[in-house]
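Notes for the structure review
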Amino acid sequence: MSLTESTAIDIAKAASSASRHLAILSEADRNEALTALHAALSRNKDAILEANARDIQAATQAVNGGSLNHSVLKRLDLSRPGKYDDMLQGILSVRSLRDPIGNVTLRTLLDDGLTLEKVACPIGVLLIIFEARPEVIANIAALSIKSGNAAILKGGKESTESFVTIANVISEAISHTRVPQSSIQLVKTRAAVSDLLAQDSLIDLVIPRGSNDLVRFVKENTKIPVLGHADGLCSAYIHSDADPEIALKVIVDSKTDYPAACNSLETLLVHQDALKEVLPPLAKALIAKGVTLRCDESSKAALIENLTLKEAGMLRDACESDFRTEFLDLTLAVKTIPSNSPLTDVEAAIAHINSHSSKHTDIIITESENIANIFMKGVDSAGVFWNASTRFADGMRYGFGTEVGISTNKIHSRGPVGLDGLTIYKYLIRGSGHRAGDYFDGEGGRKYKHQNLELS
């Protein structure tokens, strides 16, 4: 990795050259770089956390002054229990995964001595623009090196100290390997972003990670394909037959495990028949964790009857905008799904989610496999779960090692984007002087065989 203040075109050219070198490196060479990366970040943990503490101090002042969102401060903190170790483990997990380059997904015998293969290959050059989350540098460096891609990174000013320190550690580590240092470049100046977004002939994919404003800015200012998501507006639907214990465990985890994450729960849909049996104990558990509930009329009425006066003080009246809001905090919008809806109950829940959702991750709590299947087929999101927490929407939890981000796109890659999401494919033909003009109907013409061959 190199810290650079070069011009955008020089940065992009260096990354493009590095990507071509990376594409032909052996898996052993790429894994060796990941080993060096892990060792260097382990050795320099204290220095990195000291730099991160300086960022935290400045960010805390910004939050107190009202110029920075508190959720950004939470994402910035590398000292949160387990976070640094998770970052290190992610590198090892990526190293242990199967090499994504060269994987053959189709092999066809076109004719004797003429074979066609569809083979996975790197995308090329990635531009990743992100806010807070200093661990992103290590995640992306590992994923990019393993998948044979070069990466240009631009982080937010709120975590500059962390970024610079981590970048220097990574740069020193990979300088002793066969991976080019320009494979991973960290851009320091904000002014370079617009110029980099104009390098569509050299940069192959942009991945923005951050606020709606950031994602919108990127999409409106580049011709380069963009992979990512803006909101993490995740919803849960509690069906009439939901097991109260399962609902309590899953919903509390989804909302309170890490409220600032994009896979935390923001909207709770409750079937009318579950208002009295399932919702009150769940609400008590959420309120005990400090969650404020923004309720529609029916859910609030059901809760008022079953909560103490102190607990009821955590209830607020919901407005329509609450069901389109990513709170990223201990706030949850609650809406009732009536049993007399023109649609079936589950269809009404699906309709609400599809019209309000950011297509990230949505879940259903039900004992019915049939209802669950209808929900999972009908909800148009990157992740749809049955009786499981939204917090499972994560690259490491999916077994991807780590992730470069979450995609709500409907082309190329969707959901947590790991190694496979950072590869594309090319078609290879191997022949021995074959000519396309020899294949035609009629006398003397050759015929294609088009026989599927084993992939092994």
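Residues numbered from 1 in each chain as written. Predicted model: local features only at pLDDT ≥ 70, side-chain atom pairs only at ≥ 80, totals over all residues. Heavy atoms only, no water.

1. Here's the deal with the overall build of the protein
To keep things clear, this is the line we draw: We count a stretch as a helix when DSSP gives it H or I for four or more residues in a row; a strand needs E for two or more, and each element gets its number in order from the N terminus. Restricting the calculation to C-alpha atoms gives the radius of gyration, and the globule rule supplies 2.2 Å times the number of residues raised to the power 0.38. Burial status follows relative accessibility: with a 1.4 Å probe on protein chains alone, a residue under 20% of its type maximum counts as buried, one over 50% as exposed, and anything between as partly exposed.
Along its length, the protein carries 15 helices and 18 strands. Since a compact globule built from 456 residues should have a radius of gyration of about 23 Å, the 25 Å found for the protein is in line with a globular shape. Counting only C-alpha atoms, the protein reaches 80 × 65 × 35 Å along its principal axes. Across the 456 residues of the protein, 55% fall into the buried class.

2. As for the side chain of Lys146
Let me state the cut-off plainly: Pairs of N or O atoms are called polar contacts if they sit within 3.5 Å, as long as, within protein, a hydrogen donor faces a hydrogen acceptor (for residues adjacent in sequence, only side-chain-to-side-chain pairs). Residues are treated as being in contact if the distance between any of their heavy atoms lies within 4.5 Å.
The residue Lys146 is located in helix α6 (residues 135-147) in this model. Judged by its relative accessible area of 0%, Lys146 falls in the buried class. Engagement of the side chain of Lys146 in a polar contact is seen with the backbone oxygen of Leu97, the distance being 2.9 Å. In this view, Lys146 contacts Glu27, Arg30, Asn31, Leu34, Val94, Arg95, Leu97, Arg98, Asp99, Pro100, Ile101 and Leu419; residues no more than four positions away in its chain are not counted.

3. Side note on the domain arrangement of the protein
Going by this rule: Source of the domain bounds: an automatic or database domain assignment. The term buried area denotes the loss of accessible surface (1.4 Å probe radius) that occurs when two parts are joined, taken as the sum for both partners. Each salt bridge in this description consists of a side-chain nitrogen of Lys or Arg and a carboxyl oxygen of Asp or Glu lying within 4 Å of one another. Classification convention: Asp, Glu, Lys, Arg as charged; Ala, Val, Leu, Ile, Met, Phe, Trp, Tyr, Cys, Pro as nonpolar; all other residues, Gly among them, as polar.
Each assigned domain of the protein is listed with its residue range as follows: domain 1 (3-221) and domain 2 (234-397). On a C-alpha basis, the centres of domain 1 and domain 2 stand 34 Å from each other. Summing both sides of the interface, domain 1 and domain 2 together bury roughly 700 Å²; the carbon and sulfur share of this comes to 51%. It is Lys74, Arg75 and Arg80 that lose the most area in domain 1 upon contact with domain 2, and together they represent 57% of the buried surface on that side. One salt bridge in this structure joins Asp329 and Lys74, with 3.9 Å as the shortest N-O distance. Put simply, the parts of the chain that give the side of domain 1 that touches domain 2 at least two residues each are α4 (70-76) and α5 (83-96). Among the elements that take part in the side of domain 1 that touches domain 2, α5 stands out by supplying four residues, more than any other. Classifying every residue of the side of domain 1 that touches domain 2 by side-chain character gives no nonpolar, three polar and six charged.

4. A look at a nonpolar patch on the surface
Keep this limit in mind: Only residues above 30% relative accessible area that lack a salt bridge enter a patch, with like-charged residues linked at up to 9 Å and the nonpolar side chains Val, Leu, Ile, Met, Phe, Trp and Tyr linked at up to 5 Å. In short, Shrake-Rupley with a 1.4 Å probe defines the accessible areas, and a residue's cover is counted only from the protein chains shown.
Side chains of Ile424, Tyr425 and Tyr427 sit close together on the surface and give an oily, nonpolar patch of about 310 Å² of accessible area. Of note, Ile424 is situated in strand β17 (residues 423-430).

5. Some remarks on the packing of α6 against helix α7 (residues 160-174)
Here is the rule: Only the contacting stretch of a helix is used when fitting its axis, a line to C-alpha atoms as for every element, and angles between N-to-C directions run 0 to 180 degrees. Here the angle decides the label: under 35 degrees means roughly parallel, over 145 means roughly antiparallel, 65 to 115 means roughly perpendicular, and every other value means oblique.
One way to put it is that α6 packs onto α7 with a least axis distance of 10 Å and a crossing angle of 30°. Between α6 and α7, the angle falls in the class roughly parallel. Residues Ile137, Ala138, Ala141 and Ile145 of α6 lie in contact with α7, whose contacting residues are Phe163, Ile166, Ile170 and Ile174. Among the residues forming the contact of α6 with α7, the class breakdown is eight nonpolar, no polar and no charged.

6. Re the state of the cysteines
Two cysteines joined by a covalent bond between their sulfur atoms form a disulfide. So the rule is basically this: Cysteine sulfur atoms that pair up within 2.5 Å are treated as a disulfide.
Tallied over the full model, the rule gives zero disulfides. There is no disulfide at Cys262, and the cysteine sulfur nearest it, in Cys234, is 7.0 Å away. Cysteine Cys295 remains unbridged, with the sulfur of Cys319 as its closest cysteine sulfur at 12 Å. Accessibility expressed as a relative area gives 2% for Cys295, which makes it buried.

7. So, the sheet that holds strand β2 (residues 104-111)
Strand pairing in a sheet relies on backbone hydrogen bonds, with the paired strands running either antiparallel or parallel. How we decide: Two strands pair under a simple rule: DSSP has to find at least two bridges between them.
If you walk across this open sheet you meet the four strands as β17-β3-β2-β18, and the pairing is antiparallel. With partners counted over all chains shown, the strands left at the sheet margins are β17 and β18 (451-452), one partner each. Inspection of the sheet shows β2 paired to strand β3 (residues 114-122) by six bridges, in the antiparallel sense. Along β3, the bridge assignment pairs Leu106 with Lys118.

8. With respect to helix α2 (residues 27-43)
Because each turn of an α-helix spans 3.6 residues, side chains separated by three or four positions in sequence point in the same direction. Under the convention used in this document: Helix span, as expected, comes to 1.5 Å for every residue beyond the first.
In this model, α2 (17 residues) spans 24 Å end to end at C-alpha, consistent with the 24 Å of a helix rising 1.5 Å per residue. Buried within α2 are the following residues: Asp29, Arg30, Asn31, Ala33, Leu34, Leu37, His38, Ala40 and Leu41.

9. Quick look at the packing of aromatic side chains
Stated formally: Ring geometry is summarised as follows: Phe, Tyr and Trp rings, the Trp one being its six-membered ring, pair when their centres sit within 6.5 Å, and such pairs are stacked at plane angles under 30 degrees, edge-to-face over 60 and tilted between the two. Should the NZ of a Lys or the CZ of an Arg lie within 6 Å of a ring centre and within 35 degrees of the ring normal, that charge is described as sitting over the ring.
As enumerated under the stated definition, the model contains five aromatic pairs in all. With a centroid separation of 5.5 Å and an interplanar angle of 85°, the aromatic rings of Tyr398 and Phe400 are classed as edge-to-face. Plain terms: the ring middles of Tyr425 and Tyr427 are 5.7 Å apart, the flat faces sit at 75° to each other, and that makes the pair edge-to-face. The class of Tyr425 is partly exposed, set by a relative accessible area of 42%. Taking the ring centre of Tyr258 as reference, the NZ or CZ of Arg80 above it sits at 3.9 Å. Looking at Lys335, its charged tip hangs above the ring of Phe323, at a distance of 5.3 Å from the centre.

10. Digging into unusual backbone geometry
Non-glycine residue Leu328 carries a positive phi angle of around 55°. Looking at Leu328, the relative accessible area reads 13%, which means it is buried. Residues other than glycine seldom take positive phi values, yet Asn387 does so here, at roughly 55°. Its location among the elements puts Asn387 in the loop between β14 (383-386) and β15 (405-407). For Asn387, a relative accessible area of 23% puts it in the partly exposed group.

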